[in-house]
Number of protein chains: 2
Amino acid sequence: MTDLKERIIQSSLELFEKHGYHGVSINQIVEHCGASKGGFYHYFHSKDELLYVIHDTFITYVLEKANQAKQTYNNPTEKLQAIIESFVKVFDLYKPHISVFYQESTYLKPDYEELIKKKRDQFKQNIFEVLQEGQDKGEFRSILPVEITGMAVLGMVNWTYKWYRKNGEKDIEEISHVFVDLILHSVLTGETLQQDRYTDFFLQTKMNS
Amino acid sequence: MTDLKERIIQSSLELFEKHGYHGVSINQIVEHCGASKGGFYHYFHSKDELLYVIHDTFITYVLEKANQAKQTYNNPTEKLQAIIESFVKVFDLYKPHISVFYQESTYLKPDYEELIKKKRDQFKQNIFEVLQEGQDKGEFRSILPVEITGMAVLGMVNWTYKWYRKNGEKDIEEISHVFVDLILHSVLTGETLQQDRYTDFFLQTKMNS
DNA sequence: TAGCACCGACCAACCAGTCGGTATCTACAA
DNA sequence: TTGTAGATACCGACTGGTTGGTCGGTGCTA
């Protein structure tokens, strides 16, 4: 039905990821997927709308995953772990979306940008909340400023889009486990760490096996 | 002497940071700094060269700083700390360069890209080496895969360009100290941490005061 | 026969880069 | 000190190529 629409998105993702939004013309996109300009404008009002659709697909998915994680677990450590794990694993599914998302966000037209920004902020807030909760419950070190720590976590994970290659030498499970390990080591209090109630974060488990 | 050249770079940085490389035309740049197209092409062969110059200025500076840090200290913990601190502080000086650097690198023409890539890789290797040395000397946890950990560190710091605002509510010293604290907590072995030979990384000190 | 899916020639706008030109400065000989 | 030749700094009208977007049309389907 809307087969062509999907093909256009697929092609544009492939091309945008490699050459950037401005490095690819509509003609190149439709040529790449064997369609025509008319076909393109049948499904999209503008090139800008295509960019928006790509952004929205990804951020909507990530946000949903984070909300799920937040609802599934009760204590902050597990929540944080689950959010990070699901977040990292998204790179396997949505790598091209993510690349476009982070590299081309400057070029979103104001109306679209506002829509995306809302969801982006929600996601950020999720992480801040979990960190705050962790401190309140005494599981996380309280000297850490929540915002900076949160941005550090986001940065660490987000940056993955610059170097992660599907079927590359580092698989996504390993990356995800290492990240969780790094973050929990830096965020948990000494006591919580030693109790190791949460031995299931990667590297400790691996040691025991 | 080359006053105009500097003004062009300054104006383009300002505009590129806000609207992206492709969101700004040569005419807009020269208009912004009260010059002319002829003036621009007197100092630059092409718009691409301008982009290259911006990239190169920044990466050259960062690389130099990292080498300095590596030579000044002997043990890996202090090296890592110094590299991170100097790296984070660069954001204060070169924020616009960095934004352009990370957002527009896709648009560098092949010849320029190769030149930049070399320096970028050198910097990355610096970090990997320090991490490796730390593990070899028993200061850092050896279960951590060096590459992933290194990319995590890079990501955490690099991402700062997306949210850091000069004269914003978070000053660069604090950010730098928190990052060092997070990274050292996640990387140091439990013993090294408890010995606290390195009490001078921010937050512990702050606690004692 | 009505409408949905799609086509592709065409257009107007824009933009990187060119080029012929002017103005100022430097060097040096008369 | 003056004259002048050559270089350097800078200007801005113009151009050729490209691109996002339009629109009249075609064929298939219900």
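All figures in this text were calculated on a predicted structure; none of them were measured in a lab.

Student: How would you summarise the environment of B:Leu51 if you had to cite specific residues and measurements?
Tutor: Residue and element names in this part refer to chain B. Its place among the elements puts Leu-51 in helix 4 (residues 47–72). Along the backbone, Leu-51 and Val-100 are 49 residues apart, and their C-alpha atoms lie at a distance of 8.2 Å. Look past the residues within four positions of Leu-51 in its chain and what remains in contact with it is Tyr-21, Val-100, Glu-104, Tyr-107 and Leu-108.

Student: Any chance you could break down the domain arrangement of chain A for me, citing the residues and the numbers?
Tutor: Residues and elements named next belong to chain A. Taken domain by domain, chain A comprises domain 1 (1–44) and domain 2 (46–208). Each of domain 1 and domain 2 has a C-alpha centre, and the two are 30 Å apart. Every contact between the two is made by 16 residues of domain 1 and, on the other side, 15 residues of domain 2. Together domain 1 and domain 2 conceal approximately 1,400 Å² of surface at their shared face, both sides included; 71% is due to carbon and sulfur atoms.

Student: Explain the relation of the copies chain B and chain A to me, and be specific about the residues and the numbers.
Tutor: For the match of chain B to chain A, the screw axis carries a shift of 0.0 Å, the RMSD comes to 0.1 Å, and the turn is 180°. In short, the pair behaves as if placed about a two-fold rotation axis. The residues that chain B uses at the interface reappear at the interface of chain A in 100% of cases, marking a shared surface.

Student: Give a description of unusual backbone geometry that names residues and reports values.
Tutor: Glycine aside, negative phi is the norm for most residues, and most peptide bonds take the trans geometry. Although it is not a glycine, A:Asn167 adopts a positive phi angle of roughly 60°. Locating A:Asn167 in the fold gives a position in the loop between helix 8 (160–163) and helix 9 (172–187).

Cut-offs applied
Residues numbered from 1 in each chain as written. Chains lettered and ligands numbered in written order. Predicted model: local features only at pLDDT ≥ 70, side-chain atom pairs only at ≥ 80, totals over all residues. Heavy atoms only, no water. Helix = DSSP H or I, 4+ residues; strand = E, 2+ residues; numbered from the N terminus. Contact = heavy atoms within 4.5 Å. Domains from an automatic or database assignment. Buried area = accessible area lost by both parts, 1.4 Å probe. Least-squares fit on C-alpha atoms with pLDDT ≥ 70 in both.

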